[in-house]
Amino acid sequence: LPSDDEIAATFGELSESERLFGEGAPERIASIRANGALYDTLLEHCESLTSTPLGAALRVAETFRALGEKVGDAMKIGNRQGNAEVLRILGIWWSSRGPGRDHGLDWIAESHRYVIGNANSGLVFDALFARLLAL
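Now for a description of the structure that goes with this document. (Residues numbered from 1 in each chain as written. Predicted model: local features only at pLDDT ≥ 70, side-chain atom pairs only at ≥ 80, totals over all residues. Heavy atoms only, no water.)

### Things to note about the overall build of the chain
How we decide: Elements are defined by DSSP. Helices are runs of H or I of four residues or more, strands are runs of E of two residues or more, and each kind is numbered from the N terminus. Each radius of gyration reported is based on C-alpha atoms, and the globular scaling rule is 2.2 Å times the count of residues to the power 0.38. Whether a residue is buried, partly exposed or exposed follows from its accessible area with a 1.4 Å probe, protein chains only, as a fraction of its type maximum: under 20%, in between, or over 50%, in that order. Residue contacts are defined here by distance: any two heavy atoms, one from each residue, within 4.5 Å place the two residues in contact. Accessible surface is estimated by sampling points in the Shrake-Rupley manner with a 1.4 Å probe; for residues, cover comes only from the protein chains shown. Note on charges: Lys and Arg go in the positive column, Asp and Glu in the negative column, and His and the chain ends are not counted at all. Where a charge lies is defined by one atom per residue type: Lys uses NZ, Arg uses CZ, Asp uses CG and Glu uses CD.
Scanning the chain for helices and strands turns up 8 helices and 0 strands. If you list the helices and strands of the chain from N to C, you get α-α-α-α-α-α-α-α. Whereas a compact globule of 135 residues would reach a radius of gyration of roughly 14 Å, the chain reaches 15 Å, a difference of no more than 12%. Reported as C-alpha extents along the three principal axes, the dimensions of the chain are approximately 45 × 30 × 20 Å. Considering the chain as a whole, with its 135 residues, one finds that 40% of them fall into the buried category. For the chain, long-range pairs separated by at least 24 residues make up 57% of all intrachain contacts whose partners lie at least 6 apart in sequence. When the accessible surface of the chain is summed, it comes to about 7,000 Å², and 52% of that surface belongs to carbon and sulfur atoms. Of the side chains in the chain, 13 bear a positive and 19 a negative charge, and the two mean positions are spaced by 5 Å.

### Here's the deal with the packing of aromatic side chains
Operational definition: Each pair of aromatic rings taken from Phe, Tyr and Trp, with Trp reduced to its six-membered ring, is defined by centres within 6.5 Å and is described as stacked if the planes are under 30 degrees apart, edge-to-face if over 60, and tilted in the remaining cases.
This structure, assessed with the given rule, holds 3 aromatic pairs. An angle of 70° between the planes, with centres 5.8 Å apart, marks the rings of Trp93 and Trp94 as edge-to-face. In terms of burial, Trp93 and Trp94 fall into one category: buried. Chaining the aromatic ring pairs together yields one cluster made of Phe64, Phe125 and Phe129.

### Things to note about unusual backbone geometry
Glycine aside, residues mostly have negative phi angles, and peptide bonds mostly take the trans form. Here the phi dihedral of Lys76 falls at roughly 55°; this positive angle occurs in a residue that is not glycine. Following the sequence through the fold, Lys76 ends up in the loop between helix H5 (57-75) and helix H6 (78-97). Although it is not a glycine, Asn118 adopts a positive phi angle of roughly 85°.

### Some points on the layout of surface pockets
The following threshold applies: Of the grid points, spaced at 1 Å and generated over the protein atoms alone, those admitting a 1.4 Å probe that cannot get out make up cavities, while open sets with protein on both sides within 12 Å along at least five of seven lines make up pockets; any residue with an atom within 4 Å of a point is treated as lining. Grid points are joined across faces, edges and corners, and a volume is the space filled by probe spheres set on the points. Three classes are used: nonpolar for Ala, Val, Leu, Ile, Met, Phe, Trp, Tyr, Cys and Pro, charged for Asp, Glu, Lys and Arg, and polar for all others, with Gly counted as polar.
Considered as a void within the structure, the largest pocket measures approximately 180 Å³ in volume. The greatest single-element share of the lining of the largest pocket, amounting to 3 residues, is contributed by helix H1 (residues 4-11). Split into classes, the residues belonging to the lining of the largest pocket amount to 5 nonpolar, 3 polar and 4 charged.

### Some points on the environment of Asn120
Applicable threshold: Under this definition, polar contacts are N or O atom pairs within 3.5 Å; protein pairs additionally need one hydrogen-donor-capable and one acceptor-capable atom, and for neighbouring residues in sequence, both atoms have to be side-chain atoms.
Note that Asn120 resides in the loop between helix H7 (101-116) and helix H8 (121-133). Here Asn120 falls in the partly exposed class, since its relative accessible area comes to 48%. Of the polar contacts made by the side chain of Asn120, one reaches the backbone nitrogen of Leu123; its length is 3.0 Å.

### Looking at the packing of helix H4 (residues 36-48) against H5
Our working definition: Each axis is a line fitted through C-alpha atoms, and for a helix only the stretch in contact is used; angles between axes span 0 to 180 degrees, taken between their N-to-C directions. Orientation labels follow simple angle bins: below 35 degrees gives roughly parallel, above 145 gives roughly antiparallel, 65 to 115 gives roughly perpendicular, and whatever is left gives oblique. By convention, the crossing between two helices is left-handed when the near helix turns anticlockwise from the far helix through less than a right angle, and right-handed when the turn is clockwise.
For the pair H4 and H5, interaxial distance at closest approach is 11 Å and the crossing angle is 165°. Judged on the interaxial angle alone, H5 and H4 are roughly antiparallel. Once H4 is placed against H5, the crossing between them reads as left-handed. Contacts between H4 and H5 involve Leu38, Tyr39, Thr41, Leu42, His45 and Cys46 on the former and, on the latter, Thr63, Phe64, Leu67, Lys70, Val71, Ala74 and Met75. Taken together, the residues that form the contact of H4 with H5 break down as 9 nonpolar, 3 polar and 1 charged.

Written out as structure tokens, the structure reads:
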């Protein structure tokens, strides 16, 4: 990966979502920048998880799944890959800021495998957020 100075020379100032979700990879940063408002919305929803009650799990799951569809449309990768990207983003956020990091990361990775493996995304997201918000 390029150094921080090389990234700064290429992209200038990075937004918080570019810095966190781009993981220092120029192609990812460029993709996030091209869809900045969407990734900023994802970051906002991730940040809100720490104060979201368990009773809102299904609503939150639907919000994240819908964001996955928007990501899929924006990046022209389809809904399944869009949902997988949202889970990847959630995993990055969770690893740096989420409560109960160990269990949560395991559950996010498991959900990612299910989505990639052709499971029903709605059910996967429902189960995941019920578990995450119970932490």
